[in-house]
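Letter by letter, the chains look like this.
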Amino acid sequence: MAFDVLNLAPQLLGTLNELGYREPTPIQAQAIPAVLEGHDVLAGAQTGTGKTAAFSLPLIHKLMGSEPVETEGGRRLVRALVLVPTRELAKQVHDSFVLYGKDTGLQCAMAYGGACIATQVKAIKQADVVIATPGRLLDHLRKKVLNFSALQYLVFDEADRMLDMGFKDEIRDVLRQIPNKCQTLLFSATLSDAIYRFAKNLLASPKRIEVAKPNTAAAKIEQRIYAVDSDSKASMVCHLINASDWHQVLIFSRTKQGADKLAETMNKAGIATKAFHGDLSQKVRETVLKEFSEGDVRVLVATDVAARGLDIEDLNYVINMELPHIAEDYVHRIGRTGRAGKDGTAVTLFSNDDALRLEEVETLLDTRLAQQWYPGFEPDLTKFEEPSRKNSRSAAKQRAKKRAFGKKKR
Ligand code: AMP
């Protein structure tokens, strides 16, 4: 199917042609007509499926169909609001709107924490579209910087992640300040019960769209699970990356300290590596990302929250130093690779204390993930690794309970 059957404005078709997008991805083929027809949408789509264009293209088309709304004082009023969980995703969604809307005269602004508020306010006052994280958006609402009286479109991007990060109350507070019913689109990597409950009062007779079975990892990603002793993981990763000559590798570490320590070890082993986590200032994060995407930095060691929403072209390799505490994060993590139909490799270093987490991931994916050994780094079978407290059966139950009651800490 070509893009032109979707009835998008010629300016948009021209831009897509320039970008070399030949045909809509499955999520775009379904979501674009639904949004153009005015439906609310509930979409299950992982990052890498083209979901950003699936909502930004039809919204830009619709916004182009009417004049900007301006106050007598010459200030523009926001007509579309996109809520996202992290500032990195805010930047990516913003960049997509700017890119796709470059020939349309539409103005976009961002609102996220950790950046200069005065610059954001100036941009917001001239914006048709605002992309925001819930916390900073509330700050702007409290300061009366934002006026939602002309709001027509509301998007929740990576809604599951927003709930995981504990943004439910902030979202409720934001929704209270939205006066009229907007056309609302909710995108989520996983469609869990929590998402359905959340969507219930938010969406009116939504079109439900799912491009892949929920909770399945993208098919083109090769998943390898290497059983290895915990104390050999760092040296195995260095060896693996060097021996296979991998570049642009994203490594996930459960903790910031773990990320810093591994980055240090890898640099000592001659692999240009940077850590990427929430303790770094926004400016440092941006520099690190630029170095990584330009190839000056070969490996990024990131925590889950920091890595969420990263969209780096040609990312072929993801390595999990440990399995994440939350099984869904495994899907998000490996979804960093194998994007837009490209092949990807996701390696997980598995040690005994990950056993329960692997079970949780296998249950979620409804697949068995076979373990293998990496020559030279075979686990010492005479060694018994005591499962850590965090991974005991009672801790696993506690986590399940917290999830069920939605009381996860941010
Ligand atoms: P997303 O899932 O929104 O993060 O998009 C993943 C990547 O796919 C981005 O780098 C987009 O630029 C790219 N992309 C989105 N739609 C298309 C398309 N129809 N054809 C080719 N690439 C696309």
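See above for the structure.
Predicted model only: the values in this text are computed from it and were never measured.

A. Representation of the packing of helix α2 (residues 26-36) against helix α3 (residues 51-64) within the structure. Here α2 crosses α3 at 30°, and the two axes come no closer than 9 Å. When the axis of α2 is compared with that of α3, the two are roughly parallel. Along this stretch, α2 crosses α3, giving a crossing that reads as right-handed. Across from Ile 27, Gln 28, Ala 31, Ile 32, Val 35 and Leu 36 in α2, the residues of α3 making contact are Lys 51, Ala 53, Ala 54, Leu 57, Pro 58, Leu 59, His 61 and Lys 62. A class-by-class count of the residues in the contact of α2 with α3 yields 10 nonpolar, two polar and two charged.

B. Up close: the sheet that holds strand β6 (residues 183-188). An order of β3-β4-β2-β5-β6-β1-β7 is seen for the seven strands of this open sheet, with the pairing classed as parallel. Single-partner strands in this sheet number two, and they are β3 (108-111) and β7 (207-210). Neighbour-to-neighbour, the strand axes of this sheet turn through a mean angle of 15°, independent of strand direction. Sheet topology note: the strand β5 (residues 153-156)/β6 ladder contains four bridges and is parallel. Note on β6: the bridge partner recorded for Val 155 is Leu 185. Contacting β1 (41-44), β6 and β7, α2 runs over the sheet at an angle of about 165° to β7. Set on the sheet, helix α6 (residues 134-142) makes contact with β2 (80-83), β3 and β4 (129-132); between it and β2 the angle comes to about 140°.

C. Broad picture of the pairing of strand β12 (residues 317-320). By the alternation rule, side chains of β12 split into Tyr 317 and Ile 319 and Val 318 and Asn 320, which are all buried. One ladder, built from four bridges, connects β12 with strand β13 (residues 344-350); its direction is parallel. If you follow Ile 319 over to β13, its bridge partner there is Val 347.

D. Main features of helix α12 (residues 282-293). Spanning 12 residues, α12 covers 16 Å between terminal C-alpha atoms, matching the ideal 16 Å at 1.5 Å per step. Among all positions of α12, only Gln 282, Arg 285, Val 288 and Phe 292 are buried. The arc that holds every buried residue of α12, seen down its axis, measures 125°, which confines them to one face. Note on α12: the residue one or two positions beyond its end, Gly 295, has a positive phi of about 90°.

E. Highlighting α3. In this model, α3 (14 residues) spans 20 Å end to end at C-alpha, consistent with the 20 Å of a helix rising 1.5 Å per residue. Taking burial as the measure, the 14 residues of α3 include 12 buried ones, the bulk of the element. The complete set of buried residues in α3 reads Lys 51, Thr 52, Ala 53, Ala 54, Phe 55, Ser 56, Leu 57, Pro 58, Leu 59, Ile 60, Lys 62 and Leu 63.

F. Representation of the pattern of salt bridges within the structure. All chains considered together, the criterion is met by 26 salt bridges. Across the pair Arg 298 and Asp 245 runs a salt bridge whose closest N-O atoms are separated by 3.9 Å. Of this pair, Arg 298 sits in the loop between α12 and β11 (299-302) while Asp 245 sits in the loop between α10 (233-244) and β9 (249-252), and the two are 53 residues apart along the sequence. Take Arg 298: its relative accessible area is 14%, and that puts it in the buried class. Through salt bridges that share partners, Glu 70, Arg 76, Arg 79 and Asp 128 make up one connected network.

G. The sheet that holds β12, seen in detail. Strand order in the open sheet made by the seven strands is β10-β11-β9-β12-β13-β8-β14, with parallel pairing throughout. Bordering the open sheet on either side are β10 (273-276) and β14 (371-372), each of which pairs with just one other strand. Contacts between α12 and the sheet are confined to β9, β10 and β11, with β10 contributing the most and set at about 140° to the helix.

H. Here's a closer look at the pairing of β1. Burial of the side chains of β1 extends over both faces: Val 41 and Ala 43 are buried on one face and Leu 42 and Gly 44 on the other. Where β1 lies against β6, four bridges are found, and the strand directions are parallel. From the neighbouring strand, Gly 44 faces β6, where its bridge partner is Ser 188. Two strands pair when backbone bridges link them, and β1 and β7 are joined in this way by four bridges, in the parallel orientation. Within the sheet, the bridge partner assigned to Leu 42 lies in β7 and is Arg 208.

I. Molecular detail of the environment of Asp 160. Mapped onto the fold, Asp 160 is located in helix α7 (residues 159-164). Judged by its relative accessible area of 5%, Asp 160 is buried. Separated by 29 residues in sequence, Asp 160 and Ala 189 have C-alpha atoms that sit 6.8 Å apart.

J. The arrangement of the packing of aromatic side chains in detail. Applying the stated rule across the entire model yields seven aromatic pairs. Both rings, one in Phe 55 and one in Phe 97, keep their centres 6.4 Å apart while their planes meet at 45°; by these two values the pair is tilted. Of this pair, Phe 55 sits in helix α3 while Phe 97 is found in helix α4 (residues 87-100), placing the two residues 42 residues apart along the sequence. Look at Phe 55 and you get buried, because its relative accessible area is 0%. Classification of Phe 97 as buried rests on a relative accessible area of 2%. One aromatic cluster is present, built from ring pairs that chain together Phe 55, Phe 97 and Phe 187. Across the ring face of Phe 276, the terminal group of Arg 285 is positioned such that the distance to the ring centre comes to 5.8 Å.

K. Here's a closer look at the environment of Asp 229. Residue position: Asp 229 is located in the loop between β8 (221-227) and α10. Using a relative accessible area of 10% as the deciding quantity, one classes Asp 229 as buried. Spatially, the C-alpha atom of Asp 229 lies 9.2 Å from that of Leu 381, the residues being 152 residues apart in sequence.

Reading guide: rules and limits
Residues numbered from 1 in each chain as written. Predicted model: local features only at pLDDT ≥ 70, side-chain atom pairs only at ≥ 80, totals over all residues. Heavy atoms only, no water. Axes fitted to C-alpha atoms, helices over the stretch in contact; angles between N-to-C directions. Helix = DSSP H or I, 4+ residues; strand = E, 2+ residues; numbered from the N terminus. Parallel < 35°, antiparallel > 145°, perpendicular 65-115°, else oblique. Left-handed = near helix turned anticlockwise from the far one by under 90°. Contact = heavy atoms within 4.5 Å. Nonpolar A, V, L, I, M, F, W, Y, C, P; charged D, E, K, R; others polar. Pairing = 2+ DSSP bridges. Buried < 20%, exposed > 50% of the residue type's maximum accessible area, 1.4 Å probe, protein only. Expected span 1.5 Å × (residues − 1). Arc of directions from axis to C-beta. Salt bridge = Lys/Arg side-chain N within 4 Å of Asp/Glu carboxyl O. Phe/Tyr/Trp six-rings, centres within 6.5 Å; stacked < 30°, edge-to-face > 60°. Lys NZ or Arg CZ within 6 Å of the ring centre and 35° of its normal.

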